[in-house]
Amino acid sequence: MTPQNLLDRLRERLGTDAVLVGESVHGRATSFWDPTPLSALAIVRPRTTAEVSEAMRLCQAAGQPVVPQGGRTGLAGAATTGAAEIALSLERMTAVEALDARGRTLTVQAGVALQTVQEAAESVGLMFPLDFGARGSCTIGGNIATNAGGNRVLRYGTMRALVLGLEAVLADGSVVSALHPYLKNNTGYDWKHLLIGSEGTLGIVTRAVLRMVPAPRRIETALTALDSFEAVSALFDHLDRTLAGGLSAFELLRREFYALNAPERSAPLERGYPYYVLVERYDGSETGLESALEQALAAGLIQDAVVAKSEADRAALWNVRETTEPSLRRHAARQCFDVSLSQSAMEAYVAEVEARLADTVPAAELLVFGHFGDGNLHLVVGSDSALPHEAVDTAVYETLRRYAGSVSAEHGIGLDKRAFLGFSRSQEELALMRALKRTLDPCGILNPGKVLES
């Protein structure tokens, strides 16, 4: 079957408006972050699981590579398409199908935006706890495919902990469905966990049953300034113990990152401290966040702090952590990294990366921030001119390898980190991954070249 014949068959089965070609494809950006025109044979836009199944059945018969796409906000190239590949977009599968406030579950299609799910939960006094800056653009299917993390992992876990049931289409068009609305289901292999985090290489998530939690009755947010990394670790231990499980965010901002994102005239705290930590507490113990911080100040763990007194204050503090515009304006070239390692190794690791960059890429600026509480650091290497990508990758990943860290804490592998997967996975683990890929996608048509070499 020729590519044109395949597209004609897809139009017959899914409808003319379900298959986009030409300018309708190239008029789109490659991703949320990359304005380069999208390159793909076509964009196929099914409305239902049945249509995804039919599309995959036809594509496998034709040997046609397919790349699943959600909101395209990922940072590892997992949704990147080649000129001969079909982009299968879930953009028309956006329904919140069921909301069970009593059972605290939501059943949704994979193309629904994270923010829409959050708002649906809020409408019944509950909360869907996954959260990060791209909430308005990213989709639930993409969140599941990448096992998204974000700002509340410390208390609620990654996306894996929030998925109760799943429906997906495999490479040959088979539909596997286990849309169970309950937490416990110990009936053999839990196949949904193979698909969560698989980045669309083993199947295409089409629907999910998500877990909601009670909305916090009280949220307390504060920004603190610290004079050493040892103080950061001590503050985390103090708050985690004192707040008795109430600590929901503990976000580390290194001096350079804070100075860039908090202009001098509007900085919540004086600039110049080596470290800043944004902390947030949901309910928890009788001891409030302000009281716990007063104890930390008296013990010399922190040098200064500002506590949000309103929702506007809280939003302003989080903006210092989440905004990306200052770095985009300042740096003509950027490389972003998402790593995890033990908290005790973080300071030495960052210092070594900084030293290696100073030797090999002296014009580069290193910005460091991240989810300290769950061991996840984000590094941004920026420059006024083009960066030598290989040298930057070496400084970050070769150093990380010595600390037995993960090359991807929450963004996945995609294309961009594929060459470094072996830094964090053994040969035996890689062999098992390849065996799973061959079993579920024997023709190798589903998101080829992502995560593992084709």
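Structural notes, computed from the coordinates. Within each chain, residues carry numbers counting from 1 in the order of the written sequence. Only residues with pLDDT of at least 70 are given local features in this predicted model, and only at 80 or more are side-chain atom pairs given and counted; all residues enter the totals for whole chains, interfaces and linings. Computation of side-chain values covers all heavy atoms of the structure but excludes hydrogens and water.

## Focus on the sheet that holds strand β1 (residues 19-20)
Inference 1: Two strands pair under a simple rule: DSSP has to find at least two bridges between them. Under the scheme used here, helices are H or I runs from DSSP no shorter than 4 residues and strands are E runs no shorter than 2 residues, and both carry numbers assigned from the N terminus. Read from one edge of the open sheet, four strands run β1-β2-β4-β3, paired in mixed fashion. With partners counted over all chains shown, the strands left at the sheet margins are β1 and β3 (66-69), one partner each.
Inference 2: In the sheet, β1 pairs with strand β2 (residues 42-44) via two bridges, with the strands oriented antiparallel. Each residue of the ladder has a partner; that of V19, found in β2, is V44.
Inference 3: Against the sheet, helix α3 (residues 49-62) contacts β2, β3 and β4 (86-89), and its axis sits at roughly 165° relative to β4. The contact definition used throughout considers only heavy atoms, calling two residues in contact when any of these lie within 4.5 Å. Inter-axis angles, ranging from 0 to 180 degrees, are taken between N-to-C directions of lines fitted to C-alpha atoms, where helices are fitted over the stretch in contact.

## Describing the pairing of strand β12 (residues 219-226)
Inference 1: Here β12 lies mainly inside the structure; seven of its eight residues are buried.
Inference 2: Pairing between β12 and strand β14 (residues 275-282): eight bridges, direction antiparallel. If you follow A225 over to β14, its bridge partner there is Y276.
Inference 3: Direction of pairing for β12 relative to strand β15 (residues 304-307): antiparallel, over a ladder of four bridges. If you follow A222 over to β15, its bridge partner there is V307. Buried residues are those whose accessible area, probed at 1.4 Å on protein chains only, stays under 20% of the maximum for their type, while exposed residues exceed 50% and partly exposed ones sit between those limits.

## Quick notes on helix α11 (residues 311-322)
An α-helical turn contains 3.6 residues, so a residue and the one three or four places further along point in the same direction.
Inference 1: Helices are assigned an expected span. That span is 1.5 Å times one less than the residue count. Its twelve residues give α11 an end-to-end C-alpha distance of 16 Å, which sits within 8% of 16 Å, the value for a rise of 1.5 Å per residue.
Inference 2: Three or more residues of α11 are buried, namely R314, L317, W318, V320 and R321. One side of α11 holds all its buried residues, which, seen down the axis, span an arc of 145°. Arc definition: it is the arc formed by the directions from the helix axis to the C-beta atoms.

## Digging into the side chain of N143
Inference 1: Inspection of the secondary structure assignment puts N143 in helix α5 (residues 140-145).
Inference 2: The residues contacting N143, other than those within four sequence positions of it, are L114, L130, F132, C138, A148 and M159.

## Considerations on the packing of helix α13 (residues 346-360) against helix α14 (residues 389-402)
Inference 1: Between α13 and α14, whose axes approach to 9 Å, the crossing angle comes to 150°. As far as their axial angle goes, α14 and α13 are roughly antiparallel. Between α13 and α14 the crossing geometry is right-handed. Of the residues in α14, those touching α13 at Y349, E352, V353, R356 and L357 are V392, T394, A395, V396, E398, T399, L400 and R402.
Inference 2: Partitioning the contact of α13 with α14 into residue classes produces seven nonpolar, two polar and four charged. When describing relative orientation, an angle under 35 degrees is termed roughly parallel and one over 145 degrees roughly antiparallel, while 65 to 115 degrees is termed roughly perpendicular and anything else oblique. Should the near helix be turned anticlockwise from the far one by less than a right angle, the crossing is left-handed, and should it be turned clockwise, the crossing is right-handed. Just so you know the grouping, Ala, Val, Leu, Ile, Met, Phe, Trp, Tyr, Cys and Pro go in nonpolar, Asp, Glu, Lys and Arg go in charged, and all remaining residues, Gly too, go in polar.

## Regarding the nonpolar core
Inference 1: To qualify as a nonpolar core, a set must consist of buried Ala, Val, Leu, Ile, Met, Phe, Trp, Tyr and Cys residues joined through side-chain atoms within 4.5 Å. By size, the foremost hydrophobic cluster in this structure holds 52 residues, and its most contacted members are L239, F250, V339, Y349, L377, L379 and Y397.
Inference 2: Considering every element that reaches this core, the biggest residue donor is helix α8 (residues 229-242), with six residues.
Inference 3: In contact with L377, not counting residues within four places along its chain, are L252, F337, D338, V339, L341, M346, V350, V368, F369 and G370.
Inference 4: Core analysis: the second largest hydrophobic core is formed by 51 residues, V52, I86, L195 and I196 among them.

## Section: the layout of surface pockets
Inference 1: Definitions used for this entry: grid spacing 1 Å over protein atoms alone; cavity, a set of points where a 1.4 Å probe fits but cannot get out; pocket, an open set with protein on both sides within 12 Å along at least 5 of 7 lines; lining residue, one with an atom within 4 Å of a point. Grid points are joined across faces, edges and corners, and a volume is the space filled by probe spheres set on the points. Taken as a whole, the second largest pocket holds about 930 Å³ of empty space.
Inference 2: What lines the second largest pocket is a set of 39 residues, among which G197, S198, R425, M433 and V451 lie closest to the centre.
Inference 3: Examining the composition of the lining of the second largest pocket, we find that seven residues originate from one element, helix α15 (residues 427-440), more than from any other.
Inference 4: Partitioning the lining of the second largest pocket into residue classes produces 14 nonpolar, 14 polar and eleven charged.

## Points about the environment of A345
Inference 1: With respect to the element layout, A345 can be found in the loop between β16 (333-340) and α13.
Inference 2: Residue class for A345 comes out buried when judged on its relative accessible area of 11%.
Inference 3: Each C-alpha atom of the pair A345 and R135 lies 31 Å from the other, and the pair is 210 residues apart in sequence.

## Observations concerning unusual backbone geometry
Inference 1: Despite not being glycine, R104 has its phi angle at roughly 60°, a positive value.
Inference 2: In this structure, R104 sits in the loop between β5 (96-100) and β6 (105-109).
Inference 3: Given a relative accessible area of 39%, R104 falls into the partly exposed group.
Inference 4: Phi is positive for A244, which is not a glycine, with a value near 50°.
Inference 5: Residue placement: A244 occurs in the loop between α8 and β13 (247-254).
Inference 6: Taking the relative accessible area as the measure of exposure, A244 reaches 53% and is therefore exposed.

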